[in-house]
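Residue-level structural notes
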Amino acid sequence: VVNGNQITGEIKKLEHGLLTLKTDYMGEVKIEWADVARVESDYAFQFEKTDGTRVTGRIGESTEPGKIVVGYLKNSVTFEFRNVVRISQIESTFVDRLKGSLSMGYSFTKASDVAQGNIAFSSTHRTEIRSFTLQGSGISSSTADGVPSRRADASFDMTRFRRDRWYNTYQLGLERNDELGLDLRTSLEASLGRYLIQTNTSELGTLAGLVATNELWQGDSKSQQNMEFLLGVDYSRYVYNDPKLDLTASLYAYPSITESGRFRAQFDVALKWEIYKDLFWNLSYYNTYDSDPTSGSESTDDYGVVTSVGWSF
């Protein structure tokens, strides 16, 4: 590190500005990337740079502080530490490449006699040029009248990373929302996106594409097909001081192509606070808007605040 100390251990990853090492005597050690002067290893890693390019190879010996030499095939490339956003191990098995989280929460208010439970999960398998993500969440509320209200969604997507921070995403999604009268929405999405900002502390990405949906509404036995445009923005901000904080926000707009005047939108913001190692507390807000729910529901939006405790793996 820059203060002259040398730490020996297994490089696990560089993410959100923190280099994680597994050592024999100190356990897991996290060092701010800005404080690292030199890195040496006999193993192969994938390096993701601020310009979106990815380099895979073994770390060679560098004579210049603040620079990394990576050898791949019969060539080598040198780049500065400040241009590195992420370092990932090249895992040999499918299970080793899985990363994800699971969180759950529950609340009850005696004054209103309302109980609410929530669960959310996410799992990502990442290769050198692709990532596959399976995620979902569910919220169930019950009141004194015994009528439950449920909101649930699940999706599976594949992202193909390309040069200059461009990427393609293909997603299959399922959604239910009792507040809007939606029994089931099945969607198939194809989009093109690009990271406008990609640093050790923040990411900002935009995307555009097309979405085909099949919707089944409460009180209607017939399903409805629709085609929509997709315009979206994703933002992430990482604060790696103690405690570690992750802030994520996303806004997606779905103007309809086949149903004149209809417009949908989805806004989500979440604050993830690490309590101890892989244990975290999560506070999130969601707002789902539909200008014309086909069920005839009087509500055009559904929003809420969710708290939960979870574990990352």
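Residues numbered from 1 in each chain as written. Predicted model: local features only at pLDDT ≥ 70, side-chain atom pairs only at ≥ 80, totals over all residues. Heavy atoms only, no water.

Some words on the overall build of the protein chain
Along the protein chain, the regular secondary structure elements total 0 helices and 20 strands. Expressed along its principal axes, the backbone C-alpha trace of the protein chain runs to roughly 70 × 45 × 30 Å. Within the protein chain, the fraction of its 313 residues that count as buried is 37%. Counting contacts in the protein chain only where the partners sit at least 6 residues apart, residues at least 24 apart contribute 47% of the total. In the protein chain, 33 side chains carry a positive charge and 42 a negative one; their mean positions are 7 Å apart. (Helix = DSSP H or I, 4+ residues; strand = E, 2+ residues; numbered from the N terminus. Buried < 20%, exposed > 50% of the residue type's maximum accessible area, 1.4 Å probe, protein only. Contact = heavy atoms within 4.5 Å. Lys, Arg positive; Asp, Glu negative; His and termini not counted. Charge placed at Lys NZ, Arg CZ, Asp CG, Glu CD.)

Section: the packing of aromatic side chains
Within the structure shown, the criterion is met by 7 aromatic pairs. Pairing Trp33 with Phe81 gives two aromatic rings, centres 4.8 Å apart and planes at 15 degrees, and the pair type is stacked. Taken as a pair, Trp33 in the loop between β3 (28-32) and β4 (44-49) and Phe81 in the loop between β7 (75-80) and β8 (84-89) lie far apart in primary sequence, 48 residues in all. Like Phe81, Trp33 is buried. (Phe/Tyr/Trp six-rings, centres within 6.5 Å; stacked < 30°, edge-to-face > 60°.)

Some points on the environment of Glu10
Summarising the element assignment, Glu10 is placed in strand β1 (residues 10-15). Note: C-alpha distance between Glu10 and Phe79 (69 residues apart in sequence) is 22 Å. Leave out the neighbours within four places in its chain, and Glu10 touches Thr20, Leu21, Lys22 and Gln89.

Focus: the nonpolar core
In this structure, Trp33, Phe47, Ile68 and Val84 are the most contacted members of the largest nonpolar core, which totals 19 residues. Broken down by secondary-structure element, the contributors of at least two residues to this core are β1, β2 (18-22), β3, β4, β5 (54-60), β6 (67-72) and β8. Those residues in contact with Phe47 that sit more than four places away from it in its chain are Thr53, Arg54, Val55, Gly57, Ile59, Ile68, Val70, Phe79, Val84, Arg86 and Ile87. In this structure, Tyr195, Leu230, Tyr252 and Tyr254 belong to the second largest nonpolar core, which totals 8 residues. (Core = buried A, V, L, I, M, F, W, Y, C linked by side-chain atoms within 4.5 Å.)

Quick notes on the pairing of strand β18 (residues 263-276)
Look at any regular strand and the pattern is simple: side chains alternate between the two faces of the sheet. Strand direction decides the pairing type here: strand β17 (residues 245-255) and β18, joined by 11 bridges, are antiparallel. The residue bridging Leu245 from the neighbouring strand is Trp273, located in β18. Sheet topology places β18 next to strand β19 (residues 279-290); 12 bridges connect them, and they run antiparallel. Bridge pairing in β19 links Val269 to Tyr285. Hairpin remark: β18 followed by β19, antiparallel, with 2 residues in the connecting loop; positive phi at Lys277, about 50 degrees. (Pairing = 2+ DSSP bridges.)

Focus: the confidence of the model for the protein chain
Scored by pLDDT, the protein chain has a mean of 86; 91% of the residues are at 70 or more. No element of the protein chain has a lower mean pLDDT than β6, which averages 78, and none a higher one than strand β13 (residues 166-177), which averages 96. (pLDDT = per-residue confidence, 0-100.)

What to know about the pattern of salt bridges
Under the definition given, this model contains 18 salt bridges. In this structure, Arg185 engages Glu215 in a salt bridge whose closest nitrogen and oxygen atoms are separated by 2.8 Å. Residue Arg185 is located in strand β14 (residues 182-198), and its partner Glu215 is located in strand β15 (residues 202-217); the two are separated by 30 residues in the primary sequence. In this structure, Arg185 and Glu215 share a single accessibility class: buried. (Salt bridge = Lys/Arg side-chain N within 4 Å of Asp/Glu carboxyl O.)

Examining the pairing of β3
What you see with β3 is a clean split: Val29 and Ile31 sit on the buried side and Glu28, Lys30 and Glu32 on the side with no burial. When β2 meets β3, the two strands line up antiparallel, connected through 5 bridges. Note that in β3 the partner of Leu21 across the bridge is Val29. Counted between consecutive antiparallel strands, the loop separating β2 from β3 contains 5 residues, among which Gly27 sits at a positive phi close to 70 degrees.

Comments concerning the environment of Gly100
Assignment of secondary structure puts Gly100 in strand β9 (residues 98-109). Gly100 gets classed as buried once you look at its relative accessible area, which sits at 14%. Spatially, the C-alpha atoms of Gly100 and Gly261 are 38 Å apart, while their sequence positions differ by 161 residues.

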